[in-house]
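So you can see what is in the structure, the chains are spelled out below.
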Amino acid sequence: MIRVPALKLLGFYKLQSFPSIITQAFLTFPKTRLAMSSSKATVEPWTVLTHRNPQPEWVPYNPRTMRKPPLDSQTKHVKILSYNVNGLKRLLELDENYLTQLAQREDFDVLCLQESKLQEKDVEAIKGSLLDGYEDSFWTCSVSRLEYSGTAVISRIKPLSVSYGLGISDHDMEGRLVTVEFDTFYLLCAYIPNSGRGLKRLTYRVTEWDPSFRNYVKELEKVKPVILTGDLNCAHEEIDIHNPARSLKKAGFTIKERQSFEMNFLNKGFVDTFRNQHPGVVGYTFWGWNDGRETNKGWRLDYFLVSESILDKVYDSYILPDVDGSDHSPIGLIITL
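Quantities reported herein were computed from a predicted structural model and do not represent experimental measurements.

A few points about the overall build of the protein chain
Piece 1. From N to C terminus, the protein chain includes eight helices and 18 strands.
Piece 2. Sequence-distant contacts in the protein chain: of pairs separated by 6 or more residues, those separated by 24 or more amount to 71%.
Piece 3. On the protein chain, roughly 15200 Å² of surface is accessible, and the fraction owed to carbon and sulfur atoms is 50%.

Comments concerning the nonpolar core
Piece 1. Counting residues in hydrophobic clusters, the biggest one holds 53 residues, and the most contacted among them are Ile80, Leu88, Leu113, Trp139 and Ile227.
Piece 2. Not counting residues up to four positions away in its chain, the partners in contact with leucine 88 are Leu99, Leu113, Glu115, Ser116, Leu118, Ile126 and Trp139.
Piece 3. Leu166, Leu188, Trp209 and Leu232 belong to the second-largest nonpolar core, a separate cluster that totals 21 residues.

Comments concerning the pairing of strand S11 (residues 177–181)
Piece 1. S11 sits mainly inside the fold: five of its five residues count as buried.
Piece 2. Side chains Leu177, Thr179 and Glu181 project from S11 onto one buried face, and the interleaved Val178 and Val180 project onto a second face that is buried too.
Piece 3. As paired elements, strand S10 (residues 161–164) and S11 share four bridges and run antiparallel to each other. Paired with serine 161 across the strands is glutamate 181, a residue of S11.

Here we look at the sheet that holds strand S18 (residues 331–336)
Piece 1. Read from one edge of the open sheet, six strands run S8-S9-S7-S6-S18-S17, paired in mixed fashion. At either end of the open sheet lies a strand with only one pairing partner, and these are strand S8 (136–140) and strand S17 (314–319). Between one strand axis and the next, the sheet turns by 10° as a mean value, whatever way the strands run.
Piece 2. By the bridge criterion, six bridges tie strand S6 (residues 77–84) to S18 in an arrangement that is antiparallel. Note on S18: the bridge partner recorded for leucine 81 is glycine 332.
Piece 3. Packing against the sheet, helix H3 (residues 98–106) makes contact with S6, strand S7 (110–114) and S17, and its axis sits at approximately 145° to S6.

Description of the environment of glutamate 294
Piece 1. Mapping glutamate 294 onto the fold places it in helix H8 (residues 292–295).
Piece 2. Counting along the chain gives 248 residues from glutamate 294 to tryptophan 46, while the straight-line C-alpha distance between them is 8.0 Å.

Looking at a positive patch on the surface
Piece 1. On the surface, Arg52, Arg246, Lys250 and Lys297 cluster together into a positively charged patch.
Piece 2. Inspection of the secondary structure puts arginine 246 in the loop between strand S13 (226–231) and helix H6 (255–264).
Piece 3. On the accessibility criterion, arginine 246 (67% relative accessible area) is exposed.

Remarks on the sheet that holds S11
Piece 1. With respect to topology, six strands assemble into an open sheet ordered S10-S11-S12-S13-S16-S14, the strand pairing being mixed. Since the sheet does not close on itself, it has two edges, and those belong to S10 and strand S14 (270–272), each with one partner. Each adjacent strand pair in this sheet contributes to an overall mean axis angle of 20°, direction not counted.

Notes on the pairing of S18
Piece 1. Burial of S18 is extensive: five of the six residues sit out of reach of the surface.
Piece 2. Direction of pairing for S17 relative to S18: antiparallel, over a ladder of five bridges. In the sheet register, serine 317 faces S18, and the bridge partner there is leucine 333.

About the thresholds
- Residues numbered from 1 in each chain as written.
- Predicted model: local features only at pLDDT ≥ 70, side-chain atom pairs only at ≥ 80, totals over all residues.
- Heavy atoms only, no water.
- Helix = DSSP H or I, 4+ residues; strand = E, 2+ residues; numbered from the N terminus.
- Contact = heavy atoms within 4.5 Å.
- Areas by Shrake-Rupley, 256 points an atom, 1.4 Å probe, with all protein chains shown as cover.
- Core = buried A, V, L, I, M, F, W, Y, C linked by side-chain atoms within 4.5 Å.
- Buried < 20%, exposed > 50% of the residue type's maximum accessible area, 1.4 Å probe, protein only.
- Pairing = 2+ DSSP bridges.
- Axes fitted to C-alpha atoms, helices over the stretch in contact; angles between N-to-C directions.
- Patch = residues over 30% accessible without salt bridge, like charges linked within 9 Å, V, L, I, M, F, W, Y side chains within 5 Å.
- Salt bridge = Lys/Arg side-chain N within 4 Å of Asp/Glu carboxyl O.
- Lys, Arg positive; Asp, Glu negative; His and termini not counted.
- Charge placed at Lys NZ, Arg CZ, Asp CG, Glu CD.

All quantities given are derived from atomic positions and should not be read as evidence of function.
Below you can see the structure in the form of structure tokens.
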């Protein structure tokens, strides 16, 4: 069991009570002790339903009660984490042991990163000492814009093959995709283009990137099943965003983006594993840098999508909202073999 200071700047999220903010001396993982103050039990903000237009059957996501128990050692499985870190150098400069603590706590087999914001010259210096026991790592960086985008897969399971991008130069200048082949599936770590301020890249995203990406994924699926993970930059339904009525013209929740998400992925044989497992659960993976996480005003932008053919292999799909350090939280998938 790992104990880390609750007031640590980066690492894992401190508990709070509503309406006042309370911190506790230590946070204990994997089960956090709830502190008491003024006769009020502390409340983790993501366990409070703050949606502006909730349906009667909706409930807030609580990983303490909704994550499944660990599989026994006799059941072969792979545990994958995906995390938009919003700048890996920034994270490691503030806490060089950040990912080590996360690995000790979660014991994942594969870690997928988005928005590493690294340049190629940074990769060799970082990856050699990043995580003990994870010997294979694969990185792609933006070459069209420095300190932007970037994806990586870090694994303690040696893959059969690795490739980068879609194979289309117009789409492959921003380091948005790493594809890793394992024995029984392909794993894709993707950072889908954001439509941007003023929706300047909306047309590019829905008419060029999404169809090209769909075609790429479907070609892979002819060989073996696909697990697609990452920041897909789309809150698919109203349940996936705190204030849908005020967000219809915001990047990530426009009707065109949501329709494209359905048409190119969900209607093409891929399943949103979190929503499949938790049909009426409000859980977010992105809050921004202000007070969004503290008030649970978020978006669900990060996903694990899987081929329908391996849906029955998915044991657990979950969010780690207590892991702080980015404006996103990690998400996890456990799949049996």
